[in-house]
Amino acid sequence: YKLSIGELKLILAISSMVNPFDEKFKDYIITIKEFAKLLGVNLSTNKNFYSRVKKASGILLSKRVTIHEKEGDFQTVWLSGIQYYDNEGKVAVSFHPKLIKYYLQLQKYTKYRLKNITNLNSEYSLKLYEALKQYEKIGERIYELKDLKKFLGVENEYDRFYDFKRRILLITQKEVSEKTDISFEFEEIKEGRSIKAIKFY
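Each chain carries its own residue numbering, running from 1 in the written order of its sequence. Reporting of local features is limited, given that this is a predicted model, to residues whose pLDDT is at least 70; pairs of side-chain atoms are given and counted only at 80 or more, and all residues count toward the totals for whole chains, interfaces and linings. Side-chain numbers here rest on the full set of heavy atoms in the structure, without hydrogens or water.

Draft legend 1. Seen up close, the sheet that holds strand 4 (residues 79-85). We call two strands paired when DSSP finds no fewer than two bridges between them. A run of H or I in DSSP becomes a helix once it reaches four residues, and a run of E becomes a strand once it reaches two; helices and strands are each numbered from the N terminus. As summarised here, the arrangement of the 3 strands in space is 1-5-4, forming an open sheet in which the pairing is antiparallel. Two strands bound the open sheet, and with one partner strand each, they are strand 1 (28-31) and strand 4. Between one strand axis and the next, the sheet turns by 20° as a mean value, whatever way the strands run. Inspection of the sheet shows strand 4 paired to strand 5 (residues 90-95) by 6 bridges, in the antiparallel sense. By the bridge assignment, Q83 is partnered in strand 5 with A92. Across the face of the sheet, helix 1 (residues 5-15) comes into contact with strand 1, strand 4 and strand 5 while running at roughly 80° to strand 5. Whether two residues are in contact is decided by their heavy atoms, any of which lying within 4.5 Å being enough. For helices, the fitted axis covers only the stretch in contact; all axes are lines through C-alpha atoms, and the angles between them, taken along N-to-C directions, range from 0 to 180 degrees. Lying over the sheet, helix 2 (residues 32-39) contacts strand 1 and strand 5, oriented at roughly 70° with respect to strand 1.

Draft legend 2. Quick peek at the pairing of strand 2 (residues 64-69). Bridge count between strand 2 and strand 3 (residues 72-77): 6 bridges; the pairing is antiparallel. Within strand 3, the residue paired with T66 across the bridge is Q75. Two successive antiparallel strands, strand 2 and strand 3, enclose a turn made up of 2 residues.

Draft legend 3. Structural view of helix 2. Categorising residues by exposure relies on relative accessible area from a 1.4 Å probe, with only protein chains included: less than 20% of the type maximum marks a residue as buried, more than 50% marks it as exposed, and the intermediate range marks it as partly exposed. Of the residues making up helix 2, those classed as buried are I32, F35 and A36. In a view along the axis of helix 2, the buried residues occupy a sector of 100°, so they form one face of it. Exposed residues on helix 2 whose side chains face more than 90 degrees from its buried face are K33 and K37. Tucked into the core, helix 2 has its buried residues touching helix 1, strand 1, helix 3 (49-60) and strand 5. A positive backbone phi angle near 70° is found at G40, which sits one or two residues after helix 2. What the arc describes is the spread of directions from the helix axis to the C-beta atoms.

Draft legend 4. Focus on the pattern of salt bridges. We count a salt bridge whenever a side-chain nitrogen from Lys or Arg sits within 4 Å of a carboxyl oxygen from Asp or Glu. This structure, assessed with the given rule, holds 14 salt bridges. A salt bridge links E136 to K133, with the shortest nitrogen-to-oxygen separation between them at 3.0 Å. Residue class for K133 comes out buried when judged on its relative accessible area of 14%. A salt bridge links E140 to K199, with the shortest nitrogen-to-oxygen separation between them at 3.5 Å. One end of the pair, E140, is in the loop between helix 5 (123-133) and strand 6 (141-144); the other, K199, is in strand 8 (residues 194-200), with 59 residues separating them in the sequence. Given a relative accessible area of 36%, E140 falls into the partly exposed group. Linked through salt bridges whose partners overlap, the residues forming this network are K133, E136 and D181.

Take a look at the structure:
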């Protein structure tokens, strides 16, 4: 998926309301006060915050997610509907039914406190945080370079590894280490003279 940092935080905030033991989705309601508190936004100095949340949630209606399965990939959208309660300052969101088996009846799933990611300003940092948090107890994770770039949504950018390292990896490393509950180091795995993979510690 490709989401901005604001859209991604909104999806995560709403996702945190899903009970994995439910049998079906319901409407998930988030108030502007709750979302502002989660993001550390001062509503008294951000009068248009509700409008920004409405805009971000509206854009999410058209954002696609690709799911990779053994039978092949399929695409859907995140949300099937949104109800705005302007007078009450809240939004009710419905996830698309195609996502149901990825949220409900799960035996294992990664969970972390949302406050750990609220200060992140980059979608790359947030995505990599999620990926590495899953392997926190294992202590290391290896990504093929092409898979890592695809996962971060930059598969058609940064032809030179030096640029990818400088603009994505090092900046993400600094932000995750300073603003979340984990930190990481990484090393480059070479094949000949080319970088084949990245090993994260």
